[in-house]
Structure formats: C-alpha cells, structure tokens
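Summary of structural features
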Amino acid sequence: MSSGNRPLRWKNVLFGFLGTILGLGVWAVCGSVFWAVGAEAQTKSTALAQPEKPVEKLAPADPDPVAPPDKPETLVFHNAKIITVDPQFRVVQAMAVRGDRILAVGDLEEVLRQAGPKVRKIDLGGRTVLPGLIDSHSHPPDAAVYEFDHEIPTMDSIADVLDYVRKRAAVIPPGQWICINQVFITRLRERRYPTRQELDQAAPNHPVAFRTGPDASLNSLALKRCGIDRNFQITDGKPGFIERDPQTGEPTGILRSCGRFIKASSSARQPTEQERYQQLKRLLAAYNEVGITSVVDRGVGEGSIQLYQRLLDRGELTCRVFLTYYVDAQAPIEKIAETVRRVASHPLHQYNPWLWLRGLKFYLDGGMLTGSAYMRQPWGVSQIYSITDPTYRGMIFLEPEKLYQIVKLAMANQLQPTAHSVGDGAVHALVEAYERVNRQDFPVREHRPCICHANFMAADTIDLMARIGVVADLQPIWLYMDGSTLLAHFGQDRLRYFQPYKTLFEKGVIVGGGSDHMQKIGRRRSINSYDPFLGMWTVLRRLPRWTDETLHPEEQIDRQQAIRLYTIQNAYLTFEEKQKGSLEPGKLADFIVLDRDILTCPVDEVADIQVLQTWLGGRQVYTRSSP
C-alpha cells in the first residue's frame, strides 16, 4: 500500500497490466466452476429489468474518457456518507463496485487506487448510504395477492368491521361466506372481538368468519354451517378450544385454534399462476422502494417455491430470498421426517445468493393478538381477549418429546429450525428443546437454531439462548401496533421482557428485525407494515401508537444497533454475514441511498426516511421519482 503514494514507473505499469490480465483469467476459471454447480441464474438475475436512472439532485456519473475499452468498468460512489456496518461501524466517503461485488471502501484517493483504469464516478451529493436492508420475516406470495379480488379497507374499530361485512353482504349472494382475515382485536379501538350477535345483525343471511391468526369469531349461520353447537366436542386429539356462554353452554362464536373446523369457501376471485407471479414481482419491487434487498419467507410450500424459481430463472428477482419450509408439526413424526429429507435433497438447498432453501418452520403456540399465546403464568380473565377461565395459559401444540425430535431432525439434515413461538412459555419450551439437542446429541450453535416472534421472554430464557447460540427473529411492528393493548391487559410489570432488544444485545444473542408482512402492498397500508425505518424508529423509541407511555425505556437501543438489526444481524440469521449485511470488500454490492442522515437526524424523523436509490448486486433496481 505504501508504494501507492510514489509515482509509477513504466515497469510497474507493465507488471500491473499483466497481473490484471492474469487475475481476470483466474477469476474467469473460478467463475466457470461456480456456474457449473448450478448458479447460472445469478448472472441472469443481475441483468435486472429496470435501467439505471440518475437520482434527482445527485450528480451524474463521470466516466473516464481515456480508460481502455477492454477493462471491466468499476463504479466509484463518492462524496457520500457510507455507513459500512463493519465491526468498527466505520463511516467512509467512497466505495468501489465491480460486477456484483464491493471492491473497496474508504476515502476517495484510496478507493481510486484500487479501482483500476476504467472508472465511472458517481457523485452522491453528500447522501447517506446503508447496506441493503434485510427483512427476517415476511410472507410475500400471499401478501401480494391479498387484495386481488377487491381492496380491503383499514379497520380500526368494530364499526369498521361491521361496515365492511354489510358492504360485502350487499354484493355477495345470500348464503355465500364473508371472510375477514387478520384484522387483529388488539388493533381495534374497542380491543375485543365482534360478537356473534353483531355479526348476525350485519349479515343475517351470510355465514361470517372474522379470522385473526389461529382464532376466529363466527356468526350464527357460520356456526351452523360448521356443525358447532352446544353439543360439539373436539375429538380429533388436536389443540383447540370452543368458548361457551357460562350460563347457557352455547358457543359464543369465538373459536381458539379451531380453524380446521371452519368450512368456509371464499367467494373472492382467485388469481391464476401468471397473476400470482406478476403480483409477487410487483411486491418485491415495492420492497426495493423502502430499501429492502433481501427477505426471509417464513413459511413456503411447493407452490411458493415454484413462483420464486420462475422469477430466478427469468432474472426477475429484485430481492434475495431465504426460504423457510413450513411443516405441519401435528403430522406423525415419520411423515415429518420424510418432509425434512425431501427438503434437504431439494436443489435449492445448495447455497445460491439469490434463492436458498435452508430453513424449516412449524407452529408451537397460539397468538399474542388473539389471547392464545402460551404463557408461563395465566393470561387472566379478560374482556379484551374474551377469556373467562382464570387458569387459562394459552395454547401449546407440541409435547416436549416431539418438539425435541423435530428440531433434532432439522439440524441433523442441515436445515435451520424455527417455530412460531410467541408466549414466554412457548419460547422457553423451544429453547429447552434446542438445549437438549446440544446436551445429548451435538452442538447446535453452528446450526443457528431460531425462534420466530419471541415477543414474551424471560431472563433465564435469554441466558440459555446466549449460552448455546439460539438466534431470534423479532418484529418491532408488534410493539408499535399492539403495545397499547398489551399494556392495558398486562401492565408494565409483565411486559418487562417484551421484545427486550437491549438485553438481547448485551447478552450476545443475535436478533434480527422483520415485519411478518402478510397482507397488502404499500409502505404503511400493509399488514404488518414492511417499512424497516418504522421498525428502526420503534426500537429507538418503544412508544406504541395510541399512547404516550413508553414500554420499558431501559430496553431502547441506539441507532447503530437499530441499523445492525436490519443488516448484518439479519445476514447472520441466514448464515450469510460473509456475503452481505455490511459494505466491505468482497461482499455483495447491495446498498441504498437515503434522503437524510439516519445517524444525526431527529429521532422521530427516522420513521419517515425515504430511499432514493436501491442497488442489488451492483445493479440499480429502484430510483425514487421526483415528488
């Protein structure tokens, strides 16, 4: 490096030129071997459909007019505040990108020395640059087509719900089902389910199912269609609970973890495979608009895999996707083992930076938003959640032995296990299963066993996670959207370890940020919002909407930690911290340009940061249009 400060002599030039040619030859040979093992689609995917367009108010590229045409072009981004998110969290002014990789970062002079002779300079006008953001929990194929038949309004109250039911009843023939999915009671101002009687009044001639997570509220006609009356009993041995009027014994209409008994058929128009493909492509482009360059799909089946594979084959993926295969944990263990072996033998189980099938997911408990998450202590009698049993602790779906067998099977077949685990009882049960494998069978740290949601935690659980290497996939949006209802029900004391980001960082537990995006396209209209800047603001402030009461401010984290949550730590969750998650030489050139400095702007502006450019593998996939 020191010779770079002296004038180059002709011998240096000659040997440098020959070294470059030799290096390119070696690179080409290595590249041909890489493609031979099935990564041909990576080249296709870098040829993204959207052409490069200069961002408004940013200086255009400045090509070197004397560069030889036979050299690969290097893009040098400069006059920027580039937040590298490397171990030192350096902030530098320039970055060189060649092909799909980062060549160098540092000051402009240093970067230009390493950039080679053919350089195109891109002046970012002092803008802030971050690594491409990663969402550790989403459901893109279903979210993309949620409104395929008709637009679903935002519902913030029981009145909104009933108004929607009445409008659907006016356009759907009598007798056909009206289904409302994933409108959570914690997000209604009344903080309760619509009652059977209210749904009857809104649509007396239609069966109505208000479904939210694993639970539902049905009207009288829907109960009749499903054969659920005062004599109905659950006899299939699977989890579930029918709420009943304590005086009459009649079903109230509220069913917990009983979706299998709801015999609903949708009256909505269903998309074709081509329409699903186009909508998924549209949603991934919407992710790019908020700076997301990688997502984790937490629950794929064969159909979703085929959609992603088609996008990959056509070079139309604009997000890198880590796939987590969903398995029904209620199936016999022999069938689960067969599924695990099939997934482990899938071609996509071999690493591909664009599309990688590496995870296995199942459900362990119910939901926080429906009052069915499995808790260590009883939920307590609650009007909000319609709980009348003072000993009720929620729903857990697996006994310890089967839980242990499933997670061991996954890790033995090089699949990262994770489970929907919301309540502190379920979270601890899952960690204990991981610890049993670690103690009896093999070390689990290298397998990075994961927990999805992990909203309610406890100090001893966190200590055990840190000791054996369990990672966590949390969604700050739950704190923002649902924190006020949780405070009303539990109070501050029982929420001490609700999404305890500061404690997790201090204990060394690697935690990543996600959204659990399930419905709709749109930065703020989506459910849950996939806006990572809203997520970062949430972990900085811990201030739920509809309240001015901070939820345990001692668990607030700083801006560097908030950024790590959506970059390098999410890359670690998917075994890719050496490929992405920070802006360092050799890593994938996934990065975004922001409209303001996330490190110094007022904290309440963090939620509203706009992305000006999104780059994926050295190609520009999004440019913000003029206001």
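Above this text sits the structure in question.
Attention in this report is confined to the structure presented alongside it.

Observations regarding the overall build of the protein chain
Of the regular secondary structure elements, the protein chain holds 17 helices and 24 strands. Looking at the protein chain as a whole, 56% of its 627 residues are labelled buried. Summarising the internal contacts of the protein chain: among those between residues at least 6 apart in sequence, 72% fall at separations of at least 24.

A few points about the pairing of strand β2 (residues 74–78)
The element β2 is extensively covered by neighbouring structure, given that 5 of its 5 residues are classed as buried. Here β2 shows two buried faces, one formed by Thr74, Val76 and His78 and the other by Leu75 and Phe77. In this structure, β2 lies alongside strand β5 (residues 94–98), joined through 4 bridges in antiparallel fashion. What sits directly across from Val76, in β5, is Ala96. For β2 and strand β7 (residues 119–123), the ladder comprises 5 bridges, and the chain directions are parallel. Note that in β7 the partner of Leu75 across the bridge is Arg120.

With respect to helix α7 (residues 273–289)
With 17 residues, α7 extends 25 Å between its outermost C-alpha atoms, agreeing within 8% with the 24 Å of an ideal straight helix rising 1.5 Å per residue. Inspection of α7 places Arg276, Tyr277, Gln279, Leu280, Leu283, Leu284, Ala286, Tyr287 and Asn288 among the buried residues, and these make up the whole buried set. The inward-facing, buried residues of α7 contact β9 (133–138), α3 (140–144), β15 (292–300), α8 (302–313), β23 (611–616) and β24 (619–623). Of the residues trailing α7, Gly291 is marked for its positive phi of about 90 degrees.

Some points on the packing of aromatic side chains
Within this structure, the stated rule accounts for 16 aromatic pairs. For the pair Phe232 and Phe261, a centre-to-centre distance of 5.3 Å together with 80 degrees between the ring planes defines the contact as edge-to-face. Here Phe232 is found in the loop between α6 (220–226) and β13 (241–244), whereas its partner Phe261 is found in the loop between β14 (251–256) and α7, with 29 residues between them in sequence. Taken as a pair, Phe232 and Phe261 share a single burial class, namely buried. Taken together, a centroid distance of 6.3 Å and an interplanar angle of 70 degrees make the contact between Trp356 and Phe575 edge-to-face.

Looking at the environment of His78
With respect to the element layout, His78 can be found in strand β2. With 15 residues separating them along the chain, His78 and Gln93 place their C-alpha atoms 5.7 Å apart. If we skip the residues at most four places from it in the chain, His78 touches Gln93, Ala94, Leu108, Lys121, Ile122, Asp123 and Leu124.

Some points on the nonpolar core
The biggest cluster of nonpolar side chains holds 101 residues, and the ones touching the most others in it are Phe362, Phe533 and Ile598. The leading source of residues in this core is helix α11 (residues 424–440), at 7 residues. Ignoring sequence-local partners within four residues, the contact set of Phe362 consists of Tyr326, Val327, Ala329, Leu398, Leu403, Ile406, Val407, Thr418, Ala419, His420 and Leu430. Counting residues in hydrophobic clusters, the runner-up holds 45 residues, among them Val208, Met375, Leu479 and Leu551.

Remarks on the packing of helix α13 (residues 476–494) against helix α15 (residues 532–541)
Here α13 crosses α15 at 70 degrees, and the two axes come no closer than 8 Å. The orientation of α13 relative to α15 falls into the category roughly perpendicular. Here α13 contributes Pro476, Ile477, Leu479 and Tyr480 to the contact with α15, which in turn contributes Leu534, Gly535, Trp537, Thr538 and Val539.

Cut-offs and rules
Residues numbered from 1 in each chain as written. Predicted model: local features only at pLDDT ≥ 70, side-chain atom pairs only at ≥ 80, totals over all residues. Heavy atoms only, no water. Helix = DSSP H or I, 4+ residues; strand = E, 2+ residues; numbered from the N terminus. Buried < 20%, exposed > 50% of the residue type's maximum accessible area, 1.4 Å probe, protein only. Contact = heavy atoms within 4.5 Å. Pairing = 2+ DSSP bridges. Expected span 1.5 Å × (residues − 1). Phe/Tyr/Trp six-rings, centres within 6.5 Å; stacked < 30°, edge-to-face > 60°. Core = buried A, V, L, I, M, F, W, Y, C linked by side-chain atoms within 4.5 Å. Axes fitted to C-alpha atoms, helices over the stretch in contact; angles between N-to-C directions. Parallel < 35°, antiparallel > 145°, perpendicular 65-115°, else oblique.

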